[in-house]
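Letter by letter, the chains look like this.
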Amino acid sequence: MKKRAIGVFDSGLGGLTILDALHRTLPHEDLIYFGDSANVPYGSKSKQTVTRFSLDIARFLENEGVKMIVVACNTASALALSELRKQCHVPVLGVIEPGAKKAVESTRNGRIAILGTEATIRSKAYVKAIFKKCPQAHVIQQACPLFVPLVEENWAKKPATRLIASSYLAPVLRYNADTVILGCTHYPVLKPVLASLLGSQVKLVDSAQTLSQAAMLFLHNRQEQETTGRGKLTIYASDDPARFKRLAGYLLKEKIGTVRLKKLNA
Ligand code: DGL
């Protein structure tokens, strides 16, 4: 079991930030990443559709022999996690739970803001996870549908992005939240602009680190953690691997090797 890879998936590129964190925390593990570039974005799709895509990807990863599946996509974690857990034969970890835990631990005034895709916000998955841990918390949600395309276009540093972000963040600032969950794979790329608009007293929570720690603990407790050798990264995209590889360069500091094409249901 130890030798088997960890499967990681996202609707597209954004989950590479999670892959990066996993690779740093678990450097001996082989990681297989699947980016569903043929079907991105998930954030504007229904629960039924996102669940169907997620199950297809999980089946592919299970066929690749993974020992665990990490759902790097916030939208898929919010909408499809329980169905994935029902249908998969290996453990499935999502990003919502670790993000909510980190936010609850970090807030001082009990006021937490959640930024995410429309589907994640509609699902209230973060709100439920926060209230489970801290029923007295105060929570505000804000969908930020323009952030994903801005990041994918490498527009993070453009004035237009700052203008759009200031409009999305206005209610968050009025709410006086001291902790903001970056509830989407792409938002960590916008950290500099979000931090400068929110001010240094506001903590930005990105679940990559917490999720990686949770994955490590999970494998360790099951004695399934690989502790020798250098882990290898294998990356699949469901459409246009060349574009995927080019855009990945904006998101990741580390160079990625070949991106292989894997069409779902093909
Ligand atoms: N990966 C998605 C998420 O974290 C963002 C991109 C999309 O909408 O598919 O919610």
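Residues numbered from 1 in each chain as written. Predicted model: local features only at pLDDT ≥ 70, side-chain atom pairs only at ≥ 80, totals over all residues. Heavy atoms only, no water.

(A) How the structure looks around the site of the ligand. Among the 14 residues in the neighbourhood of the ligand, the closest are listed as D10, S11, Y42, G43 and T75. When the free accessible area of the ligand is taken as 300 Å², the share hidden by the protein chains comes to 99%. By residue class, the composition of the shell around the ligand is six nonpolar, seven polar and one charged. (Near = heavy atom within 4 Å. Areas by Shrake-Rupley, 256 points an atom, 1.4 Å probe, with all protein chains shown as cover. Nonpolar A, V, L, I, M, F, W, Y, C, P; charged D, E, K, R; others polar.)

(B) Spatial organisation of the sheet that holds strand β10 (residues 259-261). What the six strands build is an open sheet, ordered β4-β3-β1-β2-β9-β10; its pairing is parallel. A single partner strand is all that each edge strand has here, and the edge strands are β4 (92-93) and β10. Looking at chain direction, strand β3 (residues 68-71) and β4 are connected through two bridges and run parallel. Opposite V70, over in β4, you have L93 as the bridge partner. (Pairing = 2+ DSSP bridges. Helix = DSSP H or I, 4+ residues; strand = E, 2+ residues; numbered from the N terminus.)

(C) Structural context of the packing of helix α8 (residues 159-175) against helix α9 (residues 191-198). At a minimum axis separation of 10 Å, α8 and α9 run at an interaxial angle of 45°. By the angle between their directions, the pair α8 and α9 is classed as oblique. In this structure, α8 meets α9 at a crossing whose hand is right-handed. Contact with α8, carried on its side by R162, A165, S166, L169, V172 and L173, involves V193, L194, S196, L197 and L198 of α9 and no other residues of that element. Per-class residue counts for the contact of α8 with α9 are eight nonpolar, two polar and one charged. (Axes fitted to C-alpha atoms, helices over the stretch in contact; angles between N-to-C directions. Parallel < 35°, antiparallel > 145°, perpendicular 65-115°, else oblique. Left-handed = near helix turned anticlockwise from the far one by under 90°. Contact = heavy atoms within 4.5 Å.)

(D) Highlighting the nonpolar core. Of all hydrophobic cores here, the largest spans 54 residues; its most connected members are L16, L115, F147 and L194. Excluding residues within four positions of it along the chain, L16 makes contact with Y33, I235, F244, A248 and L252. Ranked by size, the runner-up nonpolar core spans 45 residues in total, among them I57, L81, A125 and A137. (Core = buried A, V, L, I, M, F, W, Y, C linked by side-chain atoms within 4.5 Å. Buried < 20%, exposed > 50% of the residue type's maximum accessible area, 1.4 Å probe, protein only.)

(E) Representation of the packing of aromatic side chains in the model. Enumeration according to the criterion identifies six aromatic pairs in this entry. Both rings, one in F60 and one in Y236, keep their centres 5.0 Å apart while their planes meet at 85°; by these two values the pair is edge-to-face. Within this pair, whereas F60 is found in helix α2 (residues 47-63), its partner Y236 is found in strand β9 (residues 233-237), the two being separated by 176 residues in sequence. Considered together, F60 and Y236 belong to a single accessibility category, that of buried residues. Geometrically, the ring pair formed by F147 and Y168 is edge-to-face, given 5.1 Å between the ring centres and 85° between the ring planes. One end of the pair, F147, is in helix α7 (residues 147-152); the other, Y168, is in helix α8, with 21 residues separating them in the sequence. (Phe/Tyr/Trp six-rings, centres within 6.5 Å; stacked < 30°, edge-to-face > 60°.)

(F) Up close: unusual backbone geometry. Cis peptide bonds are those with omega within 30 degrees of zero, and the linkage from V40 to P41 qualifies with 5°. You can see P41 is positioned in the loop between β2 (31-35) and α2. We note that K124 has phi near 60°; this positive angle belongs to a residue other than glycine. By the element assignment, K124 lies in the loop between α5 (118-123) and α6 (125-133). Judged by relative accessible area, which is 45%, K124 ranks as partly exposed. With a phi close to 65°, N176 is a non-glycine residue in the positive phi region. When you line up the elements, N176 lands in the loop between α8 and β7 (179-183).

Bear in mind that shape data such as this cannot, by itself, settle questions of function.
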